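The primary structure of each chain is shown beneath.
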Amino acid sequence: MASVTFSDIQKTYPDGTRAVVDLNLEINDGEFVVFVGPSGCGKTTSLRMVAGLEDISDGELRIGDTVVNDMAPQQRDIAMVFQNYALYPHMSVFDNIAYPLESQGMKKGDIKERVARTAELLGLTEHLKRRPRNLSGGQRQRVAMGRAIVRQPQVFLMDEPLSNLDAKLRVQMRAEITRLQEQLGVTTIFVTHDQVEAMTMGDRIVVMRKGVLQQQGPPELLYDEPANLFVAEFIGSPAMNLFRGGLDDGAVVLGGQRLPLPERTLGSLAAYRGREVAVGIRPEHLVDPATVDGALPRLAAEVRFTETLPPERLIYASVEAPPVMTEDVLEIAKDVDAAAVERLEELEEKQSVLACARFDSSQGAPDRGRYEFAVVADRLHFFDLDTGAAIR
Amino acid sequence: MGNRYTKRTFARELTLLLVAAIWWVPFYFLVVVSLKPDLEALQSPLSFPKEIHLGNFSTAWHDAALGRSLVNSLIITGGSVLALIAIGSICAYTIARRPGRMSTTLYLLFVLGIILPFQLGLVPTYAVMRHLGLVGSYFGIILLYTGIWMPFSVFLYTGFVRALPKEYEEASVVDGASTLRTFRRVVFPLLRPVTGTVAIFTGLIIWNDFFLSLIFLNGTKKTPLPVAVYTFVGAFASRWNLIFAAVIVSLAPVLIFFLVAQRQLIRGFTGGIKT
């Protein structure tokens, strides 16, 4: 087991595309770090550079104390789980798991013992003679894990290994990978597109965008204190509600509605008085007025529809206030679906935001019609509209 | 509904059977003539033999030294096909996986090798091979066949390797295997369908080739079956019953091989990569 250190790492392709820009990151021994971001953000490229499958254009990459920039993948003592598992189709499950050990020149008896132990750990013992094509998705995933853990490498690299599984199996495998990583204590870099996976699995999350590290830290930190608009919008499901709002004396104005702000918040916003900022409200901070202290400011909205999935209910409501249409927000929308961008553009025309509130499913709320949410004003997030940086 | 056996299906089947029977006509003549004595073979070559005369086979076997020629054919075809598979696959792997001007140029050269008829360079090739002492040797003829059919082998393999997902090789390299081991244990087994195509296609052509064997091996004890069969063709008279018996002997190994390996061959051709 070892640490992994990225120092000023750059990856530039021959056509000039910069896939990774000045990446500086220290991953501690035994840590589980998740790289997350939209397509083309540089997360997989970073992982492949650690694996040695991609050349490093500049900077220094260390595994433990060794600089590995010019080392072949075989010499790095790492193991990787690929998105499509890359199980050798012509080999049995046993041969697939044994392959890394054979490559090391281990004796046959020892290989047999190690493979048997690994198969037992992953519940694959009865499938050892089968070919990958005869296994289910979850079993294939386990074989890929087995091939990675069998030789006890210094670092595990996982490139979206759960993306081919159905939703239920994904949840199960998420837990299994976390359990295995804790049990084995091997430094792990896990790449994913899915921020829910990132939030639930990692000790630390690294958010990337266009090759640049946006923020890194524990899941709670990224959720509660996003460094910029991109992280705020990307982390969290449902996403943060974003409005364009003006700051006047002691309040933020969303459309025509004035939300008084606590003193502490006003202090950090002093420099932005009289200007427009991006205002972020997490869905759980739009609450039922009946359940809270009457002093909380109110935000009037038109409830459009609700989604009930006990124990919570998501309430979607239109708020007449201008939406945030910065490049960060559009990029995330584009990553979800081209139609999401069109929907945002429609809302921009109407100067309206489809906000989401997270209620307890036992709480009463209207299915449709006018409704006033209470806003937890001291949990609002503010961002500079030009730079996207959080205002604190 | 679609599976119902109708009159139309019957008619279609009957037509197909008749067409298939037409393909058997030359084979019928081959067998019939090979079973007739000299005179009958000349007088009524198309009729059914009055008396089965198996002696043609033993005469052909002894007079043309078919046993030795059979071994020669096996050595020459086997050696050439093995070389075409071993060298062709490695060469194609390099061309497909190392993009660059060098690979493109090499690939184009191979394509050119398919287009240009080798007969154009036959005289200089003969002169060079004679100078190097390669005429009349197994090594020489194997080298010649390998060279002539290598562009075809490389062309087929390159197309297949290009379509092969890179992840298998990357997984192998990350698993600690050298490039050679990756090729031997991971890539080459995945190339099985195209290896089957190269083996069958080039194997049949080389097994049946008469022209090059005649030029480069005639007059030696290393002649393969087609040249040996030619022994019975004379300037003034040809013993067709013996020639046909010899042809049947030379066909036998190919037919036996096909009957035994039929299922695996078809699976190999049509299988692709099952992940």
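Look a little higher up for the structure.
The numbers attached to residues start from 1 for each chain and follow its sequence in the written order. Starting at A for chains and at 1 for ligands, labels are handed out in the order in which the entities are written. Totals for whole chains, interfaces and linings use all residues, but because this is a predicted model, local features are given only for residues with pLDDT of at least 70 and pairs of side-chain atoms are given and counted only at 80 or more. Neither water nor hydrogens contribute to the side-chain values; these are computed over all heavy atoms in the structure.

## Comments concerning the pattern of salt bridges
Here a salt bridge means any side-chain nitrogen of Lys or Arg lying within 4 Å of a carboxyl oxygen belonging to Asp or Glu. Tallied over the full model, the rule gives 24 salt bridges over all chains. Salt-bridge contacts for Glu60(A) lead to Arg62(A); the nearest nitrogen and oxygen are separated by 3.0 Å. Classification of residues uses two cut-offs on accessible area relative to the type maximum, computed with a 1.4 Å probe and protein chains only: under 20% is buried, over 50% is exposed, and between them is partly exposed. Assessed through its relative accessible area of 29%, Glu60(A) is described here as partly exposed. Taking relative accessible area as the criterion, Arg62(A) reaches 29% and is therefore assigned partly exposed. A salt bridge links Arg239(B) to Asp38(B); its shortest N-O distance comes to 3.2 Å. Taken together, the residues Arg239(B) in the loop between helix H12 (225–229) and helix H13 (240–271) and Asp38(B) in helix H2 (residues 38–43) connect sequence positions 201 residues apart. With relative accessibility at 35%, the residue Arg239(B) sits in the partly exposed group. Look at Asp38(B) and you get partly exposed, because its relative accessible area is 36%. For the purposes of this entry, the term helix denotes a DSSP run of H or I that reaches at least four residues, the term strand denotes a run of E that reaches at least two, and both are numbered from the N terminus.

## Some thoughts on the sheet that holds strand E11 (residues 241–248) of chain A
Residue and element names in this part refer to chain A. Strand order across the open sheet formed by five strands is E13-E12-E11-E14-E20, with antiparallel pairing between neighbours. The open sheet is flanked by strand E13 (257–260) and strand E20 (381–383), the only strands paired with a single partner. Averaged over all pairs of adjacent strands, the angle between their axes in this sheet comes to 40°, without regard to strand direction. Any two strands are treated as partners once DSSP identifies two or more bridges connecting them. The sheet contact formed by E11 and strand E12 (residues 251–254) spans three bridges and is antiparallel. Helix axes are fitted only over the stretch in contact, all axes being lines through C-alpha atoms; the angle between N-to-C directions runs from 0 to 180 degrees.

## Points about the environment of Val247(B)
Residues and elements named next belong to chain B. Secondary-structure assignment places Val247 in helix H13. C-alpha of Val247 to C-alpha of Ala60: the two residues are 187 residues apart in sequence and 9.6 Å apart in space. Setting aside residues up to four positions removed in sequence, Val247 forms contacts with Leu30 and Val229. Throughout, a residue-residue contact means that at least one pair of heavy atoms, one from each residue, lies within 4.5 Å.

## Brief notes about the interface of chain B and chain A
In this assembly, 21 residues from chain B lie in contact with 24 residues from chain A. Summed over both sides, the interface between chain B and chain A buries roughly 2000 Å², with carbon and sulfur atoms accounting for 58% of that surface. Simply put, the buried area is the total loss of 1.4 Å probe accessible area from both parts when two parts are fitted together. Sorting the residues of chain B by area buried against chain A places Val174(B), Asp175(B) and Arg185(B) first, and these three jointly supply 33% of that buried surface. The interface formed by chain B and chain A holds four salt bridges in total. Among the ionic pairs, Glu170(B) bridges to Arg48(A), the shortest N-O distance being 2.7 Å. Polar contacts, as used here, are pairs of N or O atoms within 3.5 Å; protein pairs need one atom able to donate a hydrogen and one able to accept it. Residues neighboring in sequence count only if both atoms are side-chain atoms. Linking chain B with chain A are 11 residue pairs in polar contact (both at pLDDT 80 or more). When residues of the side of chain B that touches chain A are traced back to their parent elements, those giving at least two are helix H8 (167–174) and helix H9 (179–190) of chain B. Here the residues of the side of chain B that touches chain A sort into nine nonpolar, six polar and six charged. Any residue outside Ala, Val, Leu, Ile, Met, Phe, Trp, Tyr, Cys, Pro, Asp, Glu, Lys and Arg is labelled polar, Gly included; the first ten of those are nonpolar and the last four are charged.

## Some details on the layout of surface pockets
One simple way to see leftover space: roll a probe sized like a water molecule over the atoms. All names here are of chain A. In this analysis the probe radius is 1.4 Å and the grid spacing 1 Å, with only protein atoms considered; a cavity is a set of points the probe fits into but cannot get out of, a pocket is an open set with protein on both sides within 12 Å along at least five of seven lines, and lining residues have an atom within 4 Å of a point. Grid points are joined across faces, edges and corners, and a volume is the space filled by probe spheres set on the points. Its volume calculated, the largest pocket comes out at about 1200 Å³. Lining the largest pocket are 34 residues, and of these Glu233, Ala239, Val336, Ala340 and Arg343 sit closest to its centre. Mapped by element, the contributors of at least two residues to the lining of the largest pocket are helix H6 (195–201), helix H8 (229–234), E11, strand E16 (298–309), strand E17 (312–319), helix H10 (327–336), helix H11 (338–350) and strand E18 (353–360). In terms of residue count, H11 provides more of the lining of the largest pocket than any other element does, six residues in total.

Don't take any of this as a statement about function, it's just geometry.
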